[in-house]
Structure formats: structure tokens, C-alpha cells
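# An overview of the molecular structure
Listed below, chain by chain, are the residues.
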Amino acid sequence: MSIEWYVVLSSLLFATGAVGILIRRSPIVILLCLELMLNAGNLALIAFSRMAGNEEGQIFALVVMVVAACEVVVGLGLIVAIFRRKLPLDVDALRELRG
Amino acid sequence: MSSTAWAWLVLLLPLLGSLVVALGFRALPARVAGAIGTASIGLAFACAVAVLIGLLGEDPESRHHASSLYEYASAGGLDIELGIYVDQLSAFMILVVTGVSALIHLYSYGYMRSDEGYHRFFSYLNFFVFSMLLLVLAGNFVLLIVGWAFVGFASYALISFWYRRTTATAAGMKAFVINVVGDIGLVLAAFLIFQQLGSFDYETVFETAPQVFESNQWEVTAICLLLLVGAFAKSAQIPFHTWLPDAMEGPTPVSSLIHAATMVTAGVYLIARSHELFYLAPTAADIAAFVGLATLLVAGTIAIAMTDLKRAIAYSTMSQIGYMIMGVSIGAYAAGLFHLMTHAFFKALLFMAAGSIIAAMANRQDIDRMSGFWKAMRFTSLMLLVGGLALAAFPLTSGFFSKDSILAYAEARGGMYLWMAVGGYVGAFLTAIYTFRLIFRVLPGRPCEEAQHLIETGELYHGPAINPANEEREDAEVGFPGPAHHIAEQSRPMAVAMAVLGFGALFGGLVQVPGVTNVLFGFLEPAFHDSPLAEVHPSVAHEWRGLAIGAAISLLGIGAAWLLWVRRPELPGLFRERLRPAYLLALHKWYFDEAIDLLVVRPALAVGRFANDVFERVVVDGLVSGTAGGVRGAGGIVRLVQSGFVRGYALLLVAGFAGLALYFLVVSA
């Protein structure tokens, strides 16, 4: 199988994630879409690593997973905090950062 | 100990006194503070005597020493040291300054006893003495400027000593501003000296100047004229004199010490110190001599019209300094300094006596209200008379010898200077008239209300506490003179100080009687040997002829004053009627204040207003608020991006990445 299919799949996954972030309002779904985008990246990394025949891409993918795990911890923590404060679980309603 | 070591002590003691009194003002009782202040100056005088003894033990030609404590700045040919220069001139000056200061401190010890600011007064006064000593002992122009500026500050602080009196603070500011104009002249002169001669050090400057400059070269003339601006401002010469009469708002000991005996003679010292430069710039020296002559005549006429006791004496001070400036400018260095010394004695004495009388008048200074003090205050009156006699150059008093030694020198130089001598004699006639006008109006006659009160009860008259200048009410708190005053008859320190000065005023001239004694000139003249002008000596017969003329003029003036104000008291009124324009001219002080107001103050104000209304409001504010408005507008646009929608940010991010990706695609294709 040629490398293109992997890259196309990865791009599709990435685009799906990006569109999900842009159109959904629930923070949980946005987190899920973020994970989707990260893993699209991982897929591309591993595919290229395989093509090049060395392990550097795989190591990168492992690092991305760690970062993703951390990010999920922070993200879920934020969501729990929002919930505890009885704030709406809607990213459009939470716009105190407006300049 | 060497004489320079003693000279450092002379400098140190007043500074120490000032600091101790200032820092210990809570701990020290008032009397102790006064005693410390007085003692520090007394000790400084003792050290100055030690300097003199040290110098006298040496060969007259080698009586000059420079000493440096440390190098202040040394870079690129610049070499400034914290150094002093001790020679006959500075030794003479520190003796006069510390001697008169010690006596005036003693006088203040009694006179200011009831003032709420007693500590402050002594601290300022000691600081002044320190600054003045720094000025005369400095070994280079930089340190001279430091001392020069310090005395300016001390003068300001002491004129405004009663800081709640609006007239006093205004007078202090006026004095300070005019003195700063002089400071600028002096600083520019120092720059020019360094540019031309490459040094600030006295010894180097005066040694190299004759090799660098030709006579009347414009650079040396410019240096001398700039030095003169400083000298005129400090010594209250025309046109920088208007601050001195106003400075009489300060306490009387201050008028006596700073504005008569010491600080205002700094200009005379400066010209004498830089006599090598003035010898190289005869034009500048002649200008100085003419200004001195003009000042002595103008101030003499104003003093005749003044009705304020202290202001009349202040104009007399200006006039006498005119003599000194004229003397040191035409080459009569030792004679000018001789007059400086005798003037310090008799003018300090006159102010002390005036202070005593003003205290008895409950702060009133108007001589129209005064009369009959001879019966009320015998000692003060006697001292006023002694000072007046010396000022009027009554035969055999100190002023008699010193004034005539200047005029005799002017005569001996001949030519144009002969006319200066004639002008000086006219001034001497005016001096005798205005001095005895004061004396004849204050001392004889029926005692006025205040004097009568003193005779009957033996206590001072207490009027309502008001400012005599503008009739404002005052209270007894700090910042005002306070209700209680002191006169020499009831205060021993004041009497002692006045008696010593009275002795000096009467007999101080005997150190230098032509053909008989030559103590002062013999000591001072080696310091001026490098100027050929110092070689001009009037013959003894010449001098005695001058003295005879001076005696005749003095007696004539006193007689005229007696005729006008005792024998025929209706005459002055008649003169006022007949010579109304001349009287008005003198009464309005030759309209100098008005002229300066018109020529300097108003244009400066107009420029200031223009700068405020147009430049500041339109240009500067326009720039500032234009910048602020631009930033605000740009910020407003950028603000729109910060919508607070997380998805909006994400969109921007994605759009940015997409844009970047597109760009690279296009570039690589």
C-alpha cells in the first residue's frame, strides 16, 4: 500500500476533528475532536516512520500520546469545574475572555 | 601644623557646627545650640589666626600653598581636586569672614533668643559661614562655583527665614533667581577658562594665562565679562542689584553678616583673585570700574530718599561695594580689600545697631516714626554713631583711611581714573549726607512713642504683631519673628559683639596709615606682584592730600545733613517740592525694578505663556494625545478578534494554518 492512503486518511481524520471543534458547542465533544486531530497526526507520523524505515516518528507519536493524556486531564478537569459551578456546558456561553 | 592644615580646620569647624545644631535640634536646648554655633565660628577664627601666623613665618614671596584632600574627577585632561589654596588673599578673607561672623553669631545669640526657629537659624548661619569659607579658600574654579552656589542658597534660606511672611519668601526667591543668573555667568566663564587654558586650577590658570592670551584678546575679555556677571550679581552691582534691598526682609543679623559684611563682597574677592585675567583684559576691567562707580553714585542717591532704616543701609552697602569693585578693577587691589575689611566692621555694626533700634520699635523700620533714641538707648545710639562716622569717612576712623586709599590710587593712575576719583569723592559726599540723615532723624529730638515707653518703663514697646511691609497680621508661632525682641542694652552678648566691632570701626584703619603704618598692604601686596598695576603707588604726600580732601568732604556732608535735618528741618520738604523729578527718581530707586520688570520679566512671562498656550497645548499635547488616540484606535480594531468565543479562536488558528499550508503549496509548486 502506498503512503498516500495513510496521508489521505490522516487528513480526513484531522479535518473531521477540526470541523467538529468549529461547529460543536459542547466542551466534551470538543475534547473528543481534539483527540481525533492529535491521533490523525499520530497516524501520519507512524506512516512516515514506517516509510522511512526508522523509529523516530514512533517516538514522536508516543510523546504526542503523553501530551494528549495531559491535555485530557486538564480539559476534563475544566469541564468538571464548570459543572460544579453550575455554569452552562456550552463554550459559546463562556465568553468572559472577550476583549 | 602647616597653614593648609589649619585652613582645612577653618573649613571643617563651621560645617561641623551646622550639622551638630541641625541634627541635634530635638536634643539640644536652644541656648546650647546657639553656644555651639557661636563657638564653632570662634574656633574657626582661632584657626584662621593660626593660618596667618603660619604664613607670617615664611618668606613673603613664598606665602602660597595648595593642598588637596582627594581627586574628585580626573579624565581626559580634566583634573578637579577637592583642593584649597592658601595665600595672603585667602588668609585675609578667612580672617575677615570668621572674625566678623563670630561677632555676629554672638550678637544673634542674644538677638534671636525669643525666635521659635533658633536652631534652624544657627544651623543656616553656620552653613553660610562654611560656604563663604569654601568660596574664598577654594583652590580651583569648580570648588569656587560650589562655594558660590552654597552661599547663594544660604542667603536664600536666611532671607526667607521667617517663611510664613509672604514678603520674605518673595524676597528670598528674587535673591535666588538673580544670583542664579550670576552663577550661570560664572559657570560659563569656567567653561571658557578650561577650553582656553586646559585647567581649572588657580595656579595653572594664572600662570599660563599671560602666555596664552594677548592683552584684550576677545577670549580673555569674554572670560572676564562672564566672571563680572557672577561678581555683579553676588555683589549687588547695577543692573543685578535689585535683590539686595529686598533681602532686608531677613532677620537683621543676616542682613549684617551676609548682606553687608561677607557674602556681597564675594565679587570683590573674585576680581582680586583673578586679577591676572583682568590685567590681560583692560576693557573688561574698565567696564567693571565704571559699573562700580555708577553703582556707588546711584545707590548713594537712592539711600538719601529711603525711609526704611534697613533698606537705606542696604543701599549704602551697594554703594560701598561699588568703591571696592572700582578699586580692585583699576588695580588698587590691597586698597579695595582694605575697604572690604573696614566696611565689614562698620557696616556690620550699623546693622547691629539698626537691629537693636528696630527691636525697640517692635519691628517697625520706618525712620519717619523714629526719633529721640539717644535718650532711650544710649549704647546702641553710640554704636550707630560710631558706625555712621566710619561710614561717612570721618577723619581718623577706619572708613576714612580705606576709602581714600582707593581714591588716592585712582588719582595716581591718572587719566580717566582721575575722573573716577572725582566721582568717588562725590559719592563720599552723598555717603556722609545719607548716613547722617539716618543718624539725625533717629537719635536726637523728642523721643517717639516707642522710645518714650522704653525710657519710662525700661521695657520694650510691644505693638500688634504685624508685617511692617504690608501690614499683615502675624502670630507667635515658628515662621514669624515672634512677639519678644531684644536690644543691646538688655543683652550682654549683643553689647559685647557691638563693642568689639565698634572698636574695629573706629581704629581698624590705623593698620594702614599712609607714611606711618603699612601692616595690611605690606602683607597683601606680595599676592599681587604678578600684576604691574600693583606697582603703581601714590606718594605719601599725595595720599595725605587725598585724605585732607576726604576729611573736608566728609565734614561738609555731615554739616549739610545737620543743616537739612536738624537746623532747618523744613528744607528737605522744600527740596522735594523744587526737585520733584530728581526726588521721585531716587524714591523709586531709579526705576530699576520697573525697568527689569519691563525688559526681562514681562518678555520672559510672555514667552512662557506662549509656550504654555501654543507649544504645550497644541504641539506637545497634540503629539501625546495623537499617539494615545492612534494606539486606542488600533487596539479597538484588534479587540474585535478577541470575541471570547473559543470556536472563533480555533477558526482563526485553523484558517491561519490553512493559509500557511496554501502558501507553501503555492511556493513549492
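In this numbering scheme, every chain counts its residues from 1 along its sequence in written order. Each chain is given a letter, starting from A, and each ligand a number, starting from 1, according to the order in which they appear as written. Restriction of local features to residues with pLDDT of at least 70 applies here, the model being predicted, together with a cutoff of 80 or more for giving and counting side-chain atom pairs; totals for whole chains, interfaces and linings are based on all residues.

### Let's talk about the overall build of chain B
The test is simple: Runs of H or I in DSSP of at least four residues are treated as helices and runs of E of at least two as strands, each being numbered from the N terminus. Whether two residues are in contact is decided by their C-beta atoms, placed from the backbone, lying within 7 Å.
Along the backbone of chain B there are 27 helices and two strands. Seen through its C-alpha atoms, chain B measures out along the principal axes to roughly 115 × 65 × 55 Å. Taking the intrachain contacts of chain B between residues at least 6 apart in sequence as the baseline, contacts between residues at least 24 apart amount to 80%.

### Topic: the overall build of chain A
Secondary structure summary: chain A contains three helices and zero strands in total. In chain A, the succession of helices and strands from N to C terminus is α-α-α. Here the C-alpha coordinates of chain A stretch approximately 50 × 25 × 25 Å along the principal axes. Pairs at least 24 apart in sequence give 46% of the contacts found in chain A among residues at least 6 apart.

### Quick notes on the pairing of strand 1 (residues 65-75) of chain B
All names here are of chain B. Applicable threshold: Exposure classes come from backbone-placed C-beta atoms, where a residue is buried if 20 or more other C-beta atoms lie within 10 Å of its own, exposed if 12 or fewer do, and partly exposed in between. For two strands to be treated as a pair, DSSP must find no fewer than two bridges joining them.
Along strand 1, only zero of the eleven residues are buried, which leaves the element largely exposed. Both strand 1 and strand 2 (residues 78-86) contribute to a ladder of eight bridges, which runs antiparallel. Across the sheet, the residue bridging to A66 is Y85, located in strand 2. Once strand 1 ends, the chain turns through two residues before running back antiparallel as strand 2, passing G76 with a positive phi of about 55 degrees.

### Regarding the interface of chain A and chain B
Keep this limit in mind: The nonpolar class holds Ala, Val, Leu, Ile, Met, Phe, Trp, Tyr, Cys and Pro. Asp, Glu, Lys and Arg form the charged class, and all remaining residues, Gly among them, are polar.
Every contact between the two is made by ten residues of chain A and, on the other side, ten residues of chain B. Tallied by class, residues from the side of chain A that touches chain B come to five nonpolar, one polar and four charged.

### Side note on the nonpolar core
Quick note on the threshold: Note on terminology: a nonpolar core is any set of buried Ala, Val, Leu, Ile, Met, Phe, Trp, Tyr and Cys residues joined through C-beta atoms within 7 Å.
Within the largest apolar cluster, 222 residues are counted, with the highest numbers of intra-cluster contacts made by V10(B), L133(B), A348(B), L349(B) and M498(B). The element that contributes the greatest number of residues to this core is helix 15 (residues 333-360) of chain B, accounting for 21 residues. Apart from the residues within four sequence positions on either side, L349(B) is in contact with M383(B), V386(B), G387(B), M498(B), L501(B), G502(B) and A505(B). Residues A18(A), I21(A), I30(A) and V91(A) belong to the second largest nonpolar core, which totals five residues.

### Focus on the environment of F48(A)
Along the polypeptide, F48(A) turns up in helix 2 (residues 27-52). Exposure remark for F48(A): the 17 C-beta atoms within 10 Å place this residue in the partly exposed category.

### Concerning the packing of helix 2 (residues 30-56) of chain B against helix 4 (residues 118-137) of chain B
Residue and element names in this part refer to chain B. Note the following rule: To obtain an axis, a line is fitted to C-alpha atoms, over the contacting stretch when the element is a helix, and the angle between two such axes runs from 0 to 180 degrees between their N-to-C directions. Roughly parallel here means an angle under 35 degrees, roughly antiparallel means over 145, roughly perpendicular means 65 to 115, and every remaining angle is called oblique.
For the pair helix 2 and helix 4, interaxial distance at closest approach is 9 Å and the crossing angle is 10 degrees. Judged by the angle between their axes, helix 2 and helix 4 are roughly parallel. Of helix 4, the residues touching helix 2 (which contributes A30, A33, G34, G37, S40 and I41) are Y118, H119, F122, L125, N126 and V129. Split into classes, the residues belonging to the contact of helix 2 with helix 4 amount to seven nonpolar, five polar and no charged.

### Brief notes about the environment of G230(B)
Residue and element names in this part refer to chain B. Its location among the elements puts G230 in helix 8 (residues 218-234). Residue classification places G230 among the buried positions, given that 27 C-beta atoms sit within 10 Å. Setting aside its immediate chain neighbours within four residues, G230 contacts W148, G182, D183, G185, L186, A189 and L270.

### Some remarks on the environment of G656(B)
Counting through the fold element by element, G656(B) comes out in helix 27 (residues 646-668). G656(B) gets classed as exposed once you count the C-beta atoms within 10 Å, which come to 10.

### Topic: helix 7 (residues 202-212) of chain B
Residue and element names in this part refer to chain B. Selection rule: Arc, as used here, means the arc of the directions from the helix axis to the C-beta atoms.
When helix 7 is considered as a whole, its buried residues turn out to be Y202, V205 and A209. Looking down the long axis of helix 7, one finds its buried residues gathered within 60 degrees of arc, a one-sided arrangement. Looking at the packing, one finds that the buried side of helix 7 touches strand 2, helix 6 (166-197) and helix 12 (275-280).

### Remarks on the packing of helix 1 (residues 3-23) of chain B against helix 2 of chain B
Residues and elements named next belong to chain B. Here helix 1 crosses helix 2 at 175 degrees, and the two axes come no closer than 8 Å. Looking at the two axes, helix 1 sits roughly antiparallel to helix 2. Split into classes, the residues belonging to the contact of helix 1 with helix 2 amount to 19 nonpolar, five polar and no charged.

### So, unusual backbone geometry
Residues and elements named next belong to chain B. Note the cis peptide between I238 and P239, where omega equals 0 degrees. A positive phi angle, near 55 degrees, is found at A362, a position not held by glycine. Relative to the assigned elements, A362 resides in the loop between helix 15 and helix 16 (373-376). Although it is not a glycine, N363 adopts a positive phi angle of roughly 75 degrees. With respect to the helices and strands, the residue N363 is situated in the loop between helix 15 and helix 16. In this structure N363 comes out as partly exposed when scored by C-beta crowding, with 18 C-beta atoms within 10 Å.

### Describing helix 18 (residues 398-413) of chain B
All names here are of chain B. Filter applied, for reference: Expected helix span is taken as 1.5 Å per residue step, with the number of steps being one fewer than the number of residues.
The end-to-end C-alpha distance of helix 18, which contains 16 residues, comes to 23 Å, matching closely the 22 Å that a straight helix rising 1.5 Å per residue would cover. Along helix 18, 14 of the 16 residues are buried, which leaves the element largely enclosed by surrounding structure. Among the residues trailing helix 18, G414 stands out with phi positive, at a value near 70 degrees.

### Quick notes on the confidence of the model for chain B
To be explicit about the condition: Values of pLDDT, the confidence the predictor places in each residue, fall between 0 and 100.
The share of residues in chain B with pLDDT of 70 or more is 100%, and the mean pLDDT across the chain is 91. Across the predicted assembly, pTM comes out at 0.82 and ipTM at 0.85.

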